[in-house]
Amino acid sequence: MKISSIAPVLALMAAQSVNAHTLFAELYVDGQAQGDGTCIRMPSDPNTATNPIPSLDSSDMACGVDGTKGVARVCSVDSGSTLSFEYRDWPDNPSVGSIDISHKGPCAVYLKKVSSAIDDEGTGDGWFKIWNEGYDESAGKWCTEKLIDNNGHLSVKVPEGLQGGYYLIRPELLALHNADKGDPQFYAGCAQVWLNSDGTQLPQSTVSIPGYVDYNQPATSFNIWNEKMALPYPMPGPSVYTPSSSAKVGNQKLRVSQQKQTEGLAPSNSIITNGNWNGIELARYNDQEGCWNASTACWAQSKECYDTAPPTGHSGCKIWEGKCQDINDQCSASNYKGPPNYMKNLNPVVKQVKLPAAEAAQTGDGSYSPASSAAASKPATTFKTSALVAKATAVAPPSNSNALTVSTEGNCGNGVTCKGSSFGDCCSSHGYCGSSDQYCSAGCNSAFGTCGGQYKRDEHNHMHVHKHKRAVRIGGDARMMP
Ligand SMILES: *[C@@H]1O[C@H](CO)[C@@H](O)[C@H](O)[C@H]1NC(C)=O
Ligand SMILES: [Cu+2]
């Protein structure tokens, strides 16, 4: 019994070591965290889960790699609800960061009405955009930069008046750092939701994904490195759908839909969630055989949990394992009445996360329109702590500075210096060489290069070198950051 519980843990730990870029990893509905990966389609391979979508022509564009396959859960949202999307640089650790600062570009949120949020593949026609933002000229920031300011969170309101039913909700980021070289990098994932609404509206015109955007369009080949950017930025995709004003009547939240959600609900006897898996309480027992039966059934669920854990991790499986171990211990001690703590909710208490207010609805072309003042103010940085916090390993100073070798791979630390390297002379706090502000100012590590006052506009070249380079291991911590 013990063996079967440990083997999958080790397998997963090994698999979840290296990441880069970003992933839509958690959905919040009116501020309520839905759980790591819960109701979200995401790539199954944790090693590549944060990579951009490989091709703009592929079915991956709809809901990401492996996104044509639905997950077991569907989250409930109301007409007018605020949805917040959490992006993570490390899918199983929200406290590390959201997306590399080099990944500058626009964001958008798309919806598609479907007959089944679980069975619909997401690809094809039916998509409409409910919000987008490109470059905010007054703030001098791209949408992705604001996302970083908001600790990886993006909030939008579900339009009121939409037909109730199942939807796929698709937040999208586009990183433009290599767009001028023919490599626009899209990040998209889908949340499966039930929209509780008695509205009747749906947009007349929708687009197909893939198909709504292509290479060599103004939006996807835009050069962010020009001394003077060709603003306004031409947003990719269709214009934003705005419901007709007649839809916005009264308090939609009080007008509950006649229909009820039937698919993707958490079972009522679920006592813990991990991603889209639910731990189901075991039947009561009061003899030896029943006890060991319960133990077997418990470990079988544990295996299922690990086998289905998304890249966001398996902290819930670990908690469930504790329950199985408890049952085992009790059976061994001839205490055959159980299960212990029957129907006790085992989900950890979720710490409050400060989320940005919903962005103002936009009409038309996606050029910036100011959000509410609440959204503009910087949020506090309260984060729920993950059970699997990766150790941030400080780059140790060299024991002998004469032993420094010049970086040949763009990394620095552990005896490797940026000074004299082709990547730039500054070593960033994350252990990468460069010569822009992001490498040479705050956090710059003077032990492995020079710091300050030499900002050059050559980070473009740098990012090119690092294009999709997998994170390099430095002092036990793997990161892909400046
Ligand atoms: C234990 O499991 C076996 C095999 O599934 C079953 O035949 C038996 O009835 C179970 N016993 C109890 C007490 O639940
Ligand atoms: Cu990237």
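Residues numbered from 1 in each chain as written. Chains lettered and ligands numbered in written order. Predicted model: local features only at pLDDT ≥ 70, side-chain atom pairs only at ≥ 80, totals over all residues. Heavy atoms only, no water.

A look at the overall build of the protein chain
Phase 1 of the analysis: On a plain count of helices and strands, the protein chain comes out with 8 helices and 22 strands.
Phase 2 of the analysis: For the protein chain, with 482 residues in total, the buried portion stands at 53%.
Phase 3 of the analysis: Taking the contacts inside the protein chain whose residues are at least 6 apart along the sequence as the reference set, 74% of them involve residues at least 24 apart.
Phase 4 of the analysis: Of the roughly 20300 Å² of accessible surface on the protein chain, 51% is carried by carbon and sulfur atoms. (Helix = DSSP H or I, 4+ residues; strand = E, 2+ residues; numbered from the N terminus. Buried < 20%, exposed > 50% of the residue type's maximum accessible area, 1.4 Å probe, protein only. Contact = heavy atoms within 4.5 Å. Areas by Shrake-Rupley, 256 points an atom, 1.4 Å probe, with all protein chains shown as cover.)

Some remarks on the site of ligand 1
Phase 1 of the analysis: In the neighbourhood of ligand 1, the contacting residues comprise D287, E289, G290 and N293.
Phase 2 of the analysis: Within the contact set of ligand 1, a nitrogen atom lies 2.8 Å away from a side-chain nitrogen or oxygen of E289.
Phase 3 of the analysis: Among the residues forming the shell around ligand 1, the class breakdown is no nonpolar, 2 polar and 2 charged. (Near = heavy atom within 4 Å. Polar contact = N/O pair within 3.5 Å; in protein donor to acceptor, adjacent residues only side chain to side chain. Nonpolar A, V, L, I, M, F, W, Y, C, P; charged D, E, K, R; others polar.)

Focus: helix α4 (residues 288-308)
Phase 1 of the analysis: If you check α4, its first and last C-alpha atoms are 31 Å apart, about what 21 residues at 1.5 Å a residue would give, namely 30 Å.
Phase 2 of the analysis: G290, C291, A294, S295, C298, W299, Q301, S302, C305 and Y306 are the residues of α4 that are buried. (Expected span 1.5 Å × (residues − 1).)

Quick word on the coordination of the copper ion (ligand 2)
Phase 1 of the analysis: For the copper ion (ligand 2), every protein donor is listed as H21 (ND1), H103 (NE2) and Y187 (OH), and the spread of their distances is 1.8 to 2.7 Å.
Phase 2 of the analysis: Along the chain, the residues that donate to the copper ion (ligand 2) are spaced as H-x81-H-x83-Y. One end of the pair, H103, is in the loop between β5 (82-88) and β6 (107-114); the other, Y187, is in strand β12 (residues 185-188), with 84 residues separating them in the sequence.
Phase 3 of the analysis: Classification of Y187 by relative accessible area gives buried; the value is 3%. (Donors = N, O, S within 2.8 Å, 3.2 Å for Na, K, Ca; no water.)

A few points about the nonpolar core
Phase 1 of the analysis: Counting 35 residues, the largest nonpolar core has L27, F85, V109 and I169 as the members making the most contacts within it.
Phase 2 of the analysis: Not counting the four nearest positions on each side in its chain, V109 is found in contact with F85, F128, K129, I130, W131, L154, V156, I169, R170 and P171.
Phase 3 of the analysis: Counting residues in hydrophobic clusters, the runner-up holds 33 residues, among them A117, W142, L174 and V207. (Core = buried A, V, L, I, M, F, W, Y, C linked by side-chain atoms within 4.5 Å.)

Some words on the pairing of strand β11 (residues 163-175)
Phase 1 of the analysis: Of all 13 residues making up β11, 12 are buried, and the element is well covered by its neighbours.
Phase 2 of the analysis: The pairing of β6 with β11 spans 8 bridges and is antiparallel. Pairing of K113 across the sheet is with Y167, part of β11.
Phase 3 of the analysis: As defined by bridge partners, β11 adjoins strand β13 (residues 190-198) across 6 bridges and the pair is classed as antiparallel. The residue of β13 that forms the bridge with L168 is Q192.
Phase 4 of the analysis: Where β11 meets β12, 4 bridges bridge the pair, whose relative direction is antiparallel. Pairing of E172 across the sheet is with A188, part of β12. (Pairing = 2+ DSSP bridges.)

Digging into the side chain of S98
Phase 1 of the analysis: With respect to the helices and strands, S98 occurs in the loop between β5 and β6.
Phase 2 of the analysis: The contacts of S98, once residues within four sequence positions are left out, are H21, T22, Y87, R88, D89, L147, I148, N151 and G152.

Observations regarding the packing of α4 against helix α5 (residues 315-332)
Phase 1 of the analysis: The geometry of α4 relative to α5 is characterised by a closest axis approach of 9 Å and an angle of 165° between their N-to-C directions. By the angle between their axes, α4 is roughly antiparallel relative to α5. Taken as a pair, α4 and α5 cross one another with a handedness that is left-handed. Residues C291, W292, A294, S295, C298, W299, Q301, S302, C305 and Y306 of α4 form the contact with α5, whose own contacting residues are C317, K318, W320, E321, K323, C324, Q325, I327, N328, C331 and S332.
Phase 2 of the analysis: Across the contact of α4 with α5, the residue classes tally to 12 nonpolar, 6 polar and 3 charged. (Axes fitted to C-alpha atoms, helices over the stretch in contact; angles between N-to-C directions. Parallel < 35°, antiparallel > 145°, perpendicular 65-115°, else oblique. Left-handed = near helix turned anticlockwise from the far one by under 90°.)

Looking at α5
Phase 1 of the analysis: Between the first and last C-alpha of α5 there are 26 Å, a value that for 18 residues agrees with the 26 Å anticipated at 1.5 Å per step.
Phase 2 of the analysis: Buried residues of α5: G316, C317, W320, E321, K323, C324, I327, N328 and C331, and no others. For α5, the arc enclosing every buried residue in end-on projection is 155°, short of the 170-degree limit, so these residues lie on one face.
Phase 3 of the analysis: Two residues or fewer after α5 comes S334, characterised by a positive phi angle close to 60°. (Arc of directions from axis to C-beta.)

Overview of the sheet that holds β5
Phase 1 of the analysis: Strand order in the open sheet formed by 4 strands is β2-β1-β5-β10, with antiparallel pairing between adjacent strands. Every other strand in the sheet has two partners, leaving β2 (32-36) and β10 (153-157) as the edge strands with one partner each. Neighbour-to-neighbour, the strand axes of the sheet open up by a mean angle of 25°, direction not taken into account.
Phase 2 of the analysis: Inspection of the sheet shows β5 paired to β10 by 5 bridges, in the antiparallel sense. Considered in β10, the bridge of S84 is made with S155.

Focus: unusual backbone geometry
Phase 1 of the analysis: Cis geometry is adopted by the peptide bond preceding P232, which originates at L231 and carries an omega value of 0°.
Phase 2 of the analysis: In this structure, the amide linkage connecting G338 to the following residue, P339, adopts the cis form with an omega of 0°.
Phase 3 of the analysis: Secondary-structure assignment places P339 in the loop between α5 and α6 (373-376).
Phase 4 of the analysis: Despite not being glycine, C39 shows a phi value in the positive range, around 70°.
Phase 5 of the analysis: Note that C39 resides in the loop between β2 and β3 (40-41).
Phase 6 of the analysis: Positioned with a positive phi, N151 is a non-glycine residue whose angle comes to about 55°.
Phase 7 of the analysis: In this structure, N151 sits in the loop between α3 (143-149) and β10.
Phase 8 of the analysis: N151 gets classed as buried once you look at its relative accessible area, which sits at 18%.

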